[in-house]
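# Chain and residue survey
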Amino acid sequence: MRLVHRLRKGRHWLLLVLGGVVIALFPWTAYVGVTLPSEHVTHHWDLAWAGFDAFEAVALAATLLALVRRSPRLPVVAATAGTALLCDAWFDLVTAQPGREFGWALLFALVGELPLAALCFWIAFEVGEVVGAIVEADPVLAADPPPTSPPGRRAGDTERART
């Protein structure tokens, strides 16, 4: 809680730092686009892609778990999974060799990654409707939670502390 309070108090500094990074990224991106070679051979290419695909699987599993548990973290987790899927489609397409490899990358992007990313973003934005539909479909989930106050006492009643 203290961290949140300090962040709110220092909001103007956060805005300045983030704004500075955003402004600095534009010339940096132009520099990188002009100076980097168009081809590069790298070690551990297979490990990089397998690791990223594992990250996607974990993000999608976390989205499913958050959806089932009706977690308040669902929008963030679903947006993370959607973003990972968009990145995967982008890098698959721009690193594919022309011809058959590019055709497969395009097919996977159009049939798999992009629609799944759209679904994740839809879940992130429309979480209330999604969770509501699940609750309506399952009568157990639609049941009211058990009362938290002891029987015979209303939830708003308070009792003086005994010392």
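Scope of this entry: the structure provided in the associated data block. Here the structure is a predicted model, which is why all the values come from computation and not from measurement. (Residues numbered from 1 in each chain as written. Predicted model: local features only at pLDDT ≥ 70, side-chain atom pairs only at ≥ 80, totals over all residues. Heavy atoms only, no water.)

This structure, assessed with the given rule, holds five aromatic pairs. Considering the side-chain rings of W28 and Y31, the 5.6 Å spacing of their centres and the 35 degrees angle between planes classify their relative orientation as tilted. Of this pair, W28 and Y31 are both found in helix α2 (residues 11–35), three residues apart, which corresponds to roughly one turn of the helix. Under the relative-accessibility criterion, Y31 is labelled partly exposed at 48%. One aromatic cluster is present, built from ring pairs that chain together W45, W49, F52 and F55. (Phe/Tyr/Trp six-rings, centres within 6.5 Å; stacked < 30°, edge-to-face > 60°. Helix = DSSP H or I, 4+ residues; strand = E, 2+ residues; numbered from the N terminus. Buried < 20%, exposed > 50% of the residue type's maximum accessible area, 1.4 Å probe, protein only.)

Two numbers describe how helix α4 (residues 74–95) lies on helix α5 (residues 100–125): the axes approach to 8 Å, and their chain directions differ by 165 degrees. In terms of their interaxial angle, α4 and α5 are classed as roughly antiparallel. Read as a crossing pair, α4 and α5 show a hand that is left-handed. Considering only residue class, the contact of α4 with α5 consists of 20 nonpolar, three polar and four charged. (Axes fitted to C-alpha atoms, helices over the stretch in contact; angles between N-to-C directions. Parallel < 35°, antiparallel > 145°, perpendicular 65-115°, else oblique. Left-handed = near helix turned anticlockwise from the far one by under 90°. Nonpolar A, V, L, I, M, F, W, Y, C, P; charged D, E, K, R; others polar.)

Turning our eyes to something else, we now look at a nonpolar patch on the surface. On the surface, L86, F102, W104, L106, L107, F108, L110, V111 and L114 cluster together into a nonpolar patch covering about 840 Å² of accessible area. Considering each element in turn, the nonpolar patch owes the most residues, eight residues, to α5. Within the secondary structure, L86 is located in helix α4. By relative accessible area, which is 39% here, L86 ends up partly exposed. (Patch = residues over 30% accessible without salt bridge, like charges linked within 9 Å, V, L, I, M, F, W, Y side chains within 5 Å. Areas by Shrake-Rupley, 256 points an atom, 1.4 Å probe, with all protein chains shown as cover. Salt bridge = Lys/Arg side-chain N within 4 Å of Asp/Glu carboxyl O.)

Let's shift gears to α4. Across its 22 residues, α4 extends 31 Å between first and last C-alpha, which sits within 8% of the 32 Å expected from 1.5 Å per residue. Those residues of α4 not exposed but buried are L74, V77, A78, A81, G82, A84, L85, D88, A89 and D92. Relative to the axis of α4, the buried residues are bounded by an arc of 155 degrees and lie together on one face. Exposed and oriented more than 90 degrees from the buried face of α4 are V76 and W90. (Expected span 1.5 Å × (residues − 1). Arc of directions from axis to C-beta.)

Each pocket or cavity is described by its volume, and for the largest pocket that value is around 520 Å³. If you go around the largest pocket, you meet 16 residues; those closest to its centre are H40, W45, W49, V94 and T95. For the lining of the largest pocket, the secondary-structure elements that each account for two or more residues are α3 (45–69) and α4. Of the residues assigned to the lining of the largest pocket, the class counts are 10 nonpolar, five polar and one charged. As a volume, the second largest pocket reaches approximately 180 Å³. (1 Å grid on protein atoms, 1.4 Å probe; cavity = no way out; pocket = protein on both sides within 12 Å on 5 of 7 lines; lining within 4 Å. Points joined across faces, edges and corners; volume = space filled by probe spheres on them.)

Along the chain, the position of T63 falls in helix α3. Residue class for T63 comes out buried when judged on its relative accessible area of 5%. With sequence-adjacent residues up to four places away left out, T63 is seen in contact with L74, V77, A78 and A81. (Contact = heavy atoms within 4.5 Å.)

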